[in-house]
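Below, each chain spelled out in residue letters.
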Amino acid sequence: MIRPYTYISSILLILGILLNASFAYALEIKKVRFGEHPEKLRTVIELDKTTEFKVFILPPEENKPYRIVVDMPQFSWKASNIDLPKKKFVTDVRTGIVSNDIMRIVFDMNKPTILKTAFILPESGSTPTRLVIDSESVDKTVFENSENIIIGNLNIQTKDLNTIIAEQSNIEKNEKIAGVENLKKRAGIFPTKKPQLEV
């Protein structure tokens, strides 16, 4: 005979597992697109809801280009084809895991890039919530003399940018969403893998 409290405990345990599974990827990346303007490149990440975020630029390292980095809470990748900017500023799009509850999108850039602004636009009618990132291509001297900033309200362990850069080499468990080989075949990037949690 199953005791009542044992039965209730089992039900609560199952509910807890189901809830954890459903909220593991509470955020959805619906689409990624680019808008080219004379003074900036606008990157728009369409989301299913408002979220916290953190955006910053990483300088080139050995075998690594300039990168726009976007950190957000765990997300599922629902975006399909990504049309590249005509000027080919973006060469690759990757995603990976930073921690148990933070994931990352990385945009590889072929030129020195500075961050101008980043902000959330709420859902409006049929237009979904959007994370908008404005960046500007500059020459190497301007990049080196510019103040690199971190924009966003993502509540994670506070670190300055130098610390983040120093630790970046340890976060190379990124799953490849798109590769340079794809660029040779078509004008867009098509994600071949969805982000997967490490167990």
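How each quantity is defined
Residues numbered from 1 in each chain as written. Predicted model: local features only at pLDDT ≥ 70, side-chain atom pairs only at ≥ 80, totals over all residues. Heavy atoms only, no water. 1 Å grid on protein atoms, 1.4 Å probe; cavity = no way out; pocket = protein on both sides within 12 Å on 5 of 7 lines; lining within 4 Å. Points joined across faces, edges and corners; volume = space filled by probe spheres on them. Helix = DSSP H or I, 4+ residues; strand = E, 2+ residues; numbered from the N terminus. Nonpolar A, V, L, I, M, F, W, Y, C, P; charged D, E, K, R; others polar. Buried < 20%, exposed > 50% of the residue type's maximum accessible area, 1.4 Å probe, protein only. Pairing = 2+ DSSP bridges. Axes fitted to C-alpha atoms, helices over the stretch in contact; angles between N-to-C directions. Phe/Tyr/Trp six-rings, centres within 6.5 Å; stacked < 30°, edge-to-face > 60°.

Draft legend 1. Structural detail: the layout of surface pockets. One number sums up the size of the second largest pocket: a volume of about 170 Å³. Around the second largest pocket, the lining residues are E36, H37, P38, E39, K40, L41, K87, F89, S135, E136 and S137. Put simply, the parts of the chain that give the lining of the second largest pocket at least two residues each are β1 (27–37), β2 (40–47) and β10 (129–137). Element by element, the count of residues in the lining of the second largest pocket is highest for β10, at 3 residues.

Draft legend 2. Structural detail: empty space enclosed by the protein. Considering all chains together, one arrives at 1 cavity of 30 Å³ or more under this definition. There is about 40 Å³ of room inside the largest cavity. Lining the largest cavity we find I114, L115, F143, S146, E147, N148 and I149. Of the residues contributing to the lining of the largest cavity, the split by class is 4 nonpolar, 2 polar and 1 charged.

Draft legend 3. View of the pairing of strand β8 (residues 102–109). Of all 8 residues in β8, 8 are buried; the element is thus mostly enclosed. Taking every second residue as pointing to the same face, both faces of β8 are buried, with I102, R104, V106 and D108 on one and M103, I105, F107 and M109 on the other. Bridge analysis of strand β4 (residues 66–73) against β8 gives 8 bridges, and the strand direction is antiparallel. Looking at the pairing, V70 lines up with I105 of β8. Pairing of strand β7 (residues 90–97) with β8 involves 7 bridges; the strand directions are antiparallel. Following the sheet pairing, T95 is matched in β8 by I105. Hairpin connection of β7 to β8: 4 residues between the antiparallel strands.

Draft legend 4. Broad picture of unusual backbone geometry. Unusually for a residue other than glycine, N63 sits at a positive phi of about 65 degrees. One can find N63 in the loop between β3 (54–58) and β4.

Draft legend 5. Representation of the sheet that holds strand β5 (residues 75–77). The 5 strands lie next to each other as β5-β1-β2-β10-β9, forming an open sheet whose pairing is mixed. Every other strand in the sheet has two partners, leaving β5 and β9 (113–121) as the edge strands with one partner each. The average undirected angle you get between the axes of adjacent strands in this sheet is 30 degrees. Where β1 lies against β5, 3 bridges are found, and the strand directions are parallel. By the bridge assignment for β5, E28 is matched with S76.

Draft legend 6. Main features of the packing of aromatic side chains. The final tally for this structure, using the stated rule, is 2 aromatic pairs. A ring pair is formed by F34 and F107, whose centres lie 6.0 Å apart and whose planes are at 85 degrees; its orientation type is edge-to-face. Of the two residues, F34 sits in strand β1 while F107 sits in strand β8, which places them 73 residues apart along the sequence. Measuring from ring centre to ring centre gives 5.0 Å for Y66 and F143, while their planes differ by 80 degrees; the resulting arrangement is edge-to-face. Placement of the pair is Y66 in strand β4 and F143 in helix α2 (residues 140–145), with a sequence separation of 77 residues.

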